[in-house]
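# Coordinate analysis (summary)
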Amino acid sequence: MTPTEFVATAGASDLYERTSSQIVLESTKDPKVRSFAQMMIAHHAKSTADVKAAAAKSRVKAPSPHLNPLQTELVAQLRAEAGPARDMAYVAQQKASHNQALNVQQAYAAEGTAPALKTAAGAIVPVVQQHIEMLKSM
């Protein structure tokens, strides 16, 4: 994965996490889901900022993030659900997306070619692992 591809992939992942979390916050009554979604918005805003800063340091152009087709479909599915069904869909989507994000971050941390981005990816890995552990109890 090139540095530009990594920045675009990480940006799309963070955008999806924030967007899906905002959608579930519109309707959830579950305090665990609400707390997790609020944390997702904060943590993924930080990881976006961290990757952008590392990209600038590495002189890698950071394209504006946009959702990939699958993420767009997942957001549409969340919007179509309501109440507890939306909460369940959100948690299921979060489990899948965090496993994918972990793979991307770990791979770039191990094999990336831009040192500042490798460092940022390495710092993001334990945060994503923490999110995965939290999702196991939801």
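A brief look at the structure comes next. What you see is a predicted model, and the numbers here were worked out from it, not measured in a lab.

## Describing helix 3 (residues 69-80)
With 12 residues, helix 3 should reach 16 Å at 1.5 Å per residue; the first-to-last C-alpha distance of 17 Å fits that figure. Gln71, Leu74, Val75 and Leu78 are the residues of helix 3 that are buried. Within helix 3, the buried residues cover an arc of 100 degrees as seen down the axis, which keeps them to one side. Exposed and oriented more than 90 degrees from the buried face of helix 3 are Pro69 and Ala80. Each element contacted by the buried residues of helix 3 is listed here: helix 1 (3-25) and helix 4 (83-111). Near the N-terminus of helix 3, the side chain that reaches the backbone nitrogen of Leu70, with its oxygen 3.0 Å away, is that of Asn68.

## Points about the nonpolar core
Where a protein is soluble and globular, its nonpolar side chains tend to be buried together. Core analysis: the biggest nonpolar cluster contains 19 residues, and Phe6, Val7, Val51, Tyr108 and Leu117 have the highest contact counts within it. For this core, the elements supplying multiple residues, two or more each, are helix 1, helix 2 (31-57), helix 4 and helix 5 (115-136). Among the elements that line this core, the one with the most residues is helix 5, at eight residues. Apart from residues no more than four positions distant in its own chain, Val51 is found in contact with Phe6, Val7, Ala10, Leu117 and Ile124.

## A look at empty space enclosed by the protein
Under the counting rule described, the total for this entry stands at two cavities of 30 Å³ or more. Roughly 80 Å³ of internal volume is contained in the largest cavity. Around the largest cavity, the lining is made up of 13 residues, and of these Val7, Gly11, Thr48, Lys52 and Pro63 lie nearest the centre. Here the lining of the largest cavity gets six residues from one element, more than from any other, and that element is helix 1. Considering only residue class, the lining of the largest cavity consists of eight nonpolar, three polar and two charged. Of the volumes computed, that of the second largest cavity is approximately 70 Å³. Taken together, Ala10, Ser13, Asp14, His44, Ser47, Ala101, Gln105, Ile124 and Val128 make up the lining of the second largest cavity. Taken together, the elements giving at least two residues each to the lining of the second largest cavity come down to helix 1, helix 2, helix 4 and helix 5. For the lining of the second largest cavity, the element with the highest residue contribution is helix 1, accounting for three residues.

Thresholds applied
- Residues numbered from 1 in each chain as written.
- Predicted model: local features only at pLDDT ≥ 70, side-chain atom pairs only at ≥ 80, totals over all residues.
- Heavy atoms only, no water.
- Helix = DSSP H or I, 4+ residues; strand = E, 2+ residues; numbered from the N terminus.
- Expected span 1.5 Å × (residues − 1).
- Buried < 20%, exposed > 50% of the residue type's maximum accessible area, 1.4 Å probe, protein only.
- Arc of directions from axis to C-beta.
- Contact = heavy atoms within 4.5 Å.
- Polar contact = N/O pair within 3.5 Å; in protein donor to acceptor, adjacent residues only side chain to side chain.
- Core = buried A, V, L, I, M, F, W, Y, C linked by side-chain atoms within 4.5 Å.
- 1 Å grid on protein atoms, 1.4 Å probe; cavity = no way out; pocket = protein on both sides within 12 Å on 5 of 7 lines; lining within 4 Å.
- Points joined across faces, edges and corners; volume = space filled by probe spheres on them.
- Nonpolar A, V, L, I, M, F, W, Y, C, P; charged D, E, K, R; others polar.

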